[in-house]
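# Close look at the chain arrangement
One-letter residues, chain by chain:
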Amino acid sequence: DTAVSQTPKYLVTQMGNDKSIKCEQNLGHDTMYWYKQDSKKFLKIMFSYNNKELIINETVPNRFSPKSPDKAHLNLHINSLELGDSAVYFCASSQDGGSGNQPQHFGDGTRLSIL
Amino acid sequence: GESVGLHLPTLSVQEGDNSIINCAYSNSASDYFIWYKQESGKGPQFIIDIRSNMDKRQGQRVTVLLNKTVKHLSLQIAATQPGDSAVYFCAERAGSYQLTFGKGTKLSVIP
């Protein structure tokens, strides 16, 4: 009965590789997000999609490309991975039309480590 | 730029005591605030929220207080339990339709 699920939970890979992280929510929410949490626990939004449309695109390198095949899924593809990409990536969802005035529900994160 | 921050990065509390976690924000346009709890290896978990037209809201063992005059938000946990040990984040919504998270406070409960 997991609400927001991400795969994989851990991802260890070499610099320069391309990798994807998948996210699915079964809450029926219309908005999904990707956040990056650094080693100091600071959470920063990367992207937000409402009904498959991109509504927030923070200053993120274009090596990061989100894709939303439907409103229950938001995947994150990362090209040419760099050491600085090492972090925990969280997916979240909410039912607020992208307005940000309802609580967001988070997955348990994907810990990405670049060697 | 305007940001959300926390007064204390760490807080140690005796089991059974009350805990108070503070958060300062600087964006006077913020109209919605949330507290999250993050346990080790898990994602942030929603605890309680409050809108700017309120100054207090209570949940189960938790109370959030909002003081708009001094731009201060606090989370009070009554009868703190070992299971309350976690990192607590405040988050605010300003006009940009996204949440901005504070830096987090680590709460350690001493048995």
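Scoring rules and cut-offs
Position numbers for residues start from 1 in each chain and track the written sequence from start to end. Note on labels: chains are lettered from A, ligands numbered from 1, in written order. Residues qualify for local features only when their pLDDT is at least 70, as the model is predicted, and side-chain atom pairs are given and counted only at 80 or more; totals for whole chains, interfaces and linings, by contrast, use all residues. Each side-chain value is derived from all of the structure's non-hydrogen atoms; neither hydrogens nor water enter the calculation. At least two bridges found by DSSP between two strands are what make those strands a pair. Labels follow the DSSP assignment, with helices taken as runs of H or I lasting at least four residues and strands as runs of E lasting at least two, numbered in each case from the N terminus. Axes here mean lines fitted to C-alpha atoms, for a helix over just the part in contact, with angles spanning 0 to 180 degrees between N-to-C directions. For each residue, the accessible area found with a 1.4 Å probe, counting protein chains only, is set against the maximum for its type, and the residue is called buried under 20%, exposed over 50%, and partly exposed in between. By the criterion applied in these results, polar contacts are pairs of N or O atoms within 3.5 Å in which, for protein atoms, one can donate a hydrogen and the other can accept it, and in which residues neighboring in sequence qualify only through two side-chain atoms. Should any heavy atoms of two residues lie within 4.5 Å, those residues are considered in contact. Classification convention: Asp, Glu, Lys, Arg as charged; Ala, Val, Leu, Ile, Met, Phe, Trp, Tyr, Cys, Pro as nonpolar; all other residues, Gly among them, as polar. Only a pair of cysteine sulfur atoms within 2.5 Å counts as a disulfide in this structure description. Definition used for salt bridges: Asp or Glu carboxyl oxygen within 4 Å of a side-chain nitrogen of Lys or Arg.

Residues and elements named next belong to chain A. Spatially, β1-β3-β8-β7 is the arrangement adopted by the 4 strands of the open sheet, whose pairing is antiparallel. Two strands bound the open sheet, and with one partner strand each, they are β1 (4-7) and β7 (64-70). Sheet twist, expressed as the mean angle between neighbouring strand axes with direction ignored, is 20°. Strand direction decides the pairing type here: β7 and strand β8 (residues 73-78), joined by 5 bridges, are antiparallel. Note that in β8 the partner of Pro-66 across the bridge is Leu-76.

Along the chain, B:Asp49 falls in strand β5 (residues 45-51). Residue B:Asp49 is classed as buried on the basis of its relative accessible area of 9%. Among the polar contacts made by the side chain of B:Asp49, one reaches the side chain of B:Tyr32 at a distance of 2.6 Å. The residues touching B:Asp49, leaving out its near neighbours within four places in the chain, are A:Pro103, B:Tyr32, B:Phe33, B:Ile34, B:Arg57 and B:Val64.

Turning next to the interface of chain A and chain B. Listed per partner, the contact involves 21 residues of chain A and 19 residues of chain B. One can count 5 residue pairs in polar contact (both at pLDDT 80 or more) joining chain A with chain B. For the side of chain A that touches chain B, the elements supplying multiple residues, two or more each, are β4 (31-37) and β5 (43-50) of chain A. In terms of residue class, the side of chain A that touches chain B is made up of 8 nonpolar, 8 polar and 5 charged.

Here the focus is the state of the cysteines. In protein structure, a disulfide is the covalent linkage between the sulfur atoms of two cysteines. For the structure shown, the criterion picks out 2 disulfides over all chains. Covalently, A:Cys23 is tied to A:Cys91 through a disulfide, its sulfur atoms 1.9 Å apart. Disulfide A:Cys23-A:Cys91: the torsion about the S-S bond is -80°, which places it as left-handed. One end of the pair, A:Cys23, is in strand β3 (residues 19-25); the other, A:Cys91, is in strand β9 (residues 87-94), with 68 residues separating them in the sequence. In terms of burial, A:Cys23 and A:Cys91 fall into one category: buried. Across the disulfide from B:Cys23 sits B:Cys90; the S-S distance is 1.8 Å.

Take B:Glu39: it is sitting in the loop between β4 (32-38) and β5. Sequence separation between B:Glu39 and B:Gln98 is 59 residues; the distance between their C-alpha atoms is 23 Å.

This paragraph deals with the pattern of salt bridges. Tallied over the entire structure, the rule returns 5 salt bridges over all chains. A:Asp85 is the salt-bridge partner of A:Arg63, the closest N and O atoms lying 2.8 Å from each other. Of this pair, A:Arg63 sits in the loop between β6 (53-57) and β7 while A:Asp85 sits in the loop between β8 and β9, and the two are 22 residues apart along the sequence. Assigned by exposure class, A:Arg63 and A:Asp85 land together as buried. B:Arg57 is the salt-bridge partner of B:Asp49, the closest N and O atoms lying 2.3 Å from each other. Where salt bridges share partners, they join A:Arg63, A:Glu82 and A:Asp85 into one cluster.

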